[in-house]
Protein chains: 2
Amino acid sequence: MTQPPPLSATLPQTELTTHRRLRDQGSLRRADLDAILDAGFVCHLGVVVDGRPLVVPTVYGRDEQQLYLHGSVASRSLTGGTPVCVTVTHVDGLVLARSVFEHGVNYRSAVIHGVPRRVTDPEEKLAGLRRLTEHATPGQWSYVRQPNRKELAATTLLALSLEEASVKIRTGAPDDGDGPDAELGLWAGELPLTSVWGAPVPDPRLSPDIAVPGHIARREGTRHG
Amino acid sequence: MTQPPPLSATLPQTELTTHRRLRDQGSLRRADLDAILDAGFVCHLGVVVDGRPLVVPTVYGRDEQQLYLHGSVASRSLTGGTPVCVTVTHVDGLVLARSVFEHGVNYRSAVIHGVPRRVTDPEEKLAGLRRLTEHATPGQWSYVRQPNRKELAATTLLALSLEEASVKIRTGAPDDGDGPDAELGLWAGELPLTSVWGAPVPDPRLSPDIAVPGHIARREGTRHG
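Residues numbered from 1 in each chain as written. Chains lettered and ligands numbered in written order. Predicted model: local features only at pLDDT ≥ 70, side-chain atom pairs only at ≥ 80, totals over all residues. Heavy atoms only, no water.

(A) Highlighting the overall build of chain A. In terms of helices and strands, chain A carries five helices and twelve strands. For chain A, the spread of C-alpha atoms along the principal axes amounts to about 65 × 50 × 35 Å. A total of 225 residues make up chain A; the buried ones form 56% of that total. A separation threshold of at least 6 residues defines the contact pool for chain A, and within that pool the share at least 24 residues apart is 72%. Summed over all atoms, the accessible surface of chain A reaches about 10,200 Å², with 52% contributed by carbon and sulfur. Here chain A holds 24 positive side-chain charges and 26 negative ones, and the gap between their average locations is 7 Å. (Helix = DSSP H or I, 4+ residues; strand = E, 2+ residues; numbered from the N terminus. Buried < 20%, exposed > 50% of the residue type's maximum accessible area, 1.4 Å probe, protein only. Contact = heavy atoms within 4.5 Å. Areas by Shrake-Rupley, 256 points an atom, 1.4 Å probe, with all protein chains shown as cover. Lys, Arg positive; Asp, Glu negative; His and termini not counted. Charge placed at Lys NZ, Arg CZ, Asp CG, Glu CD.)

Below is the structure:
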């Protein structure tokens, strides 16, 4: 299989990705897109069903070229050639300003547009599921039992090109620190929000002599997002 | 203004809300919907633009009957009568099974369908923005400067009925604890994920003698979601 050329380091500005609002929060760096995708494992997948939007959460992984999506939730709506929109958002905190109007959210968000492809080749499907599994839980693919032929056939995997995407990022303090409202004497700033992995909870049916493997145990207390 | 009748305690099963997959994860309790909405403040708003889906994150609040959405991000697409789908998802942890196939996510998710209404009456807009502000930061509305007429006019607020909604919840251990894979001797269970509010970060331009107000300070270290 020939390798496709690498995607551009600058995100393309298309009809769908050009920022119309809050342009200063837009980023055109593909590195920002990759970082946002790598920081999460659940996306919101949007499809059009009978002319109406449907947005469902699902898990994803990626390689350099494309996103892999667990597609069952939307599979009845994705019968080939159907455009989707995939959005990944990390909420980093509340922006607490001196006025209601200047309130906001610190966040990182990626929006990917495209027509997904159903992965049918068993080898590619296995590779894609490996990306997906390792994305959520690094080290897990080689620890657990991998899919057999029947399970592989029962799994719907979608591949979506990472070519057409847009990124928005907001960080830092509110914007009204040098306006007239700064004279009000009110506290203003950011209230950060952080996601943290907790202590592994064993399946109650698990034999107590089976220890938590290192790749899972060492995540406890680390930051996610 | 006459009060509309309360919404049904059981969520309606319509063409859009009937669960087709993972039916055991579906809930028809409106109380579950309300709890999921109250646990977050960012939703994913899906709209159809030129026949293609667009999914953007935005903030929301609610009353007993409807969701209030900060609608600017999607306002160019919402010119009246346009159906939307609003999804709120809380990711509670990874479900780590003995086989790749049984892996999953513990989560709570609400999906609301409807045609939003642009709120234009200044009094209703103010009340809706209050809900939205207090939803994200209880106590903040009366602490900061409230919107003036010009700011109110510049804000797009949408109201969406909470009538047509569906809920999915998954909790607990993986499902393969009593299958043949349980004999593999592998660790299995849940890796919980928790969102926590951090220490307030003052705006660098803030005078150091302005203290963090109690309604913000007391959130530090509390769980979100």
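Moving on from the coordinates now.
(B) Quick peek at the interface of chain B and chain A. The partner chain A presents 87 residues to the 87 residues of chain B that form the contact. Carbon and sulfur atoms make up 67% of the area that chain B and chain A hide from each other, which totals about 7,400 Å². The largest share of the area that chain B buries against chain A comes from Pro53, Val100 and Trp187 of chain B, three residues that together contribute 11% of it. In this assembly, chain B and chain A are joined by six salt bridges. With its nearest N and O atoms 2.8 Å apart, the salt bridge here joins Arg145 of chain A to Asp181 of chain B. The interface formed by chain B and chain A contains 28 residue pairs in polar contact (both at pLDDT 80 or more). Elements with a contribution of two residues or more to the side of chain B that touches chain A: β2 (42–49), β3 (52–62), α2 (72–75), β5 (84–96), β6 (104–114), α3 (122–136), β10 (189–197) and β11 (201–202) of chain B. Among the elements that make up the side of chain B that touches chain A, the one with the highest residue count is β10 of chain B (nine residues). When strand β11 (residues 201–202) of chain A meets β10 of chain B, the two strands line up antiparallel, connected through two bridges. By the bridge assignment, Val201 of chain A is partnered in β10 of chain B with Glu190 of chain B. (Buried area = accessible area lost by both parts, 1.4 Å probe. Salt bridge = Lys/Arg side-chain N within 4 Å of Asp/Glu carboxyl O. Polar contact = N/O pair within 3.5 Å; in protein donor to acceptor, adjacent residues only side chain to side chain. Pairing = 2+ DSSP bridges.)

(C) Layout of the packing of aromatic side chains. All names here are of chain A. Applying the stated criterion to the full structure yields two aromatic pairs over all chains. Judged by centre distance (6.0 Å) and plane angle (20 degrees), the ring pair of Phe41 and Trp197 falls under stacked. With Phe41 in the loop between α1 (30–38) and β2 (42–49) and Trp197 in strand β10 (residues 189–197), the pair connects residues that are 156 residues apart, well separated along the chain. The ring of Trp197 has Arg219 sitting right over it, with the charged end atom 4.4 Å from the ring centre. (Phe/Tyr/Trp six-rings, centres within 6.5 Å; stacked < 30°, edge-to-face > 60°. Lys NZ or Arg CZ within 6 Å of the ring centre and 35° of its normal.)

(D) Layout of the pairing of β10 of chain A. Of all nine residues making up β10 of chain A, seven are buried, and the element is well covered by its neighbours. Strand direction decides the pairing type here: strand β5 (residues 84–96) of chain A and β10 of chain A, joined by four bridges, are antiparallel. What sits directly across from Gly93 of chain A, in β10 of chain A, is Pro192 of chain A. Here five bridges tie β10 of chain A to β10 of chain B, and the two strands are oriented antiparallel to one another. What sits directly across from Thr194 of chain A, in β10 of chain B, is Val196 of chain B. When β10 of chain A meets strand β12 (residues 223–224) of chain A, the two strands line up antiparallel, connected through two bridges. Bridging from a neighbouring strand, Val196 of chain A pairs with Arg223 of chain A of β12 of chain A.

(E) Quick look at the relation of the copies chain B and chain A. When chain B is fitted onto chain A, the two copies agree to an RMSD of 0.0 Å after a turn of 180 degrees and an axial shift of 0.0 Å. As the rotation angle and translation indicate, the two copies are arranged about a two-fold axis. The C-alpha atom lying nearest the rotation axis in chain B is that of Ser195 of chain B; the distance is 2.1 Å. Mapped onto chain A, 100% of the interface residues of chain B again fall at the interface, so both copies present the same surface. (Least-squares fit on C-alpha atoms with pLDDT ≥ 70 in both.)

(F) View of unusual backbone geometry. The phi torsion at Asp50 of chain A lies on the positive side, around 50 degrees, for a residue other than glycine. Here Asp50 of chain A is to be found in the loop between β2 and β3 (52–62).

(G) Fine view of the pattern of salt bridges. Scanning the model with the defined rule gives 24 salt bridges over all chains in all. One salt bridge connects Asp32 of chain B with Arg29 of chain B, and the closest N-O pair in it is separated by 2.9 Å. Bridged by salt links that share partners, the residues Arg98, Asp176 and Asp178 of chain A together with Asp203 and Arg205 of chain B form one connected network.

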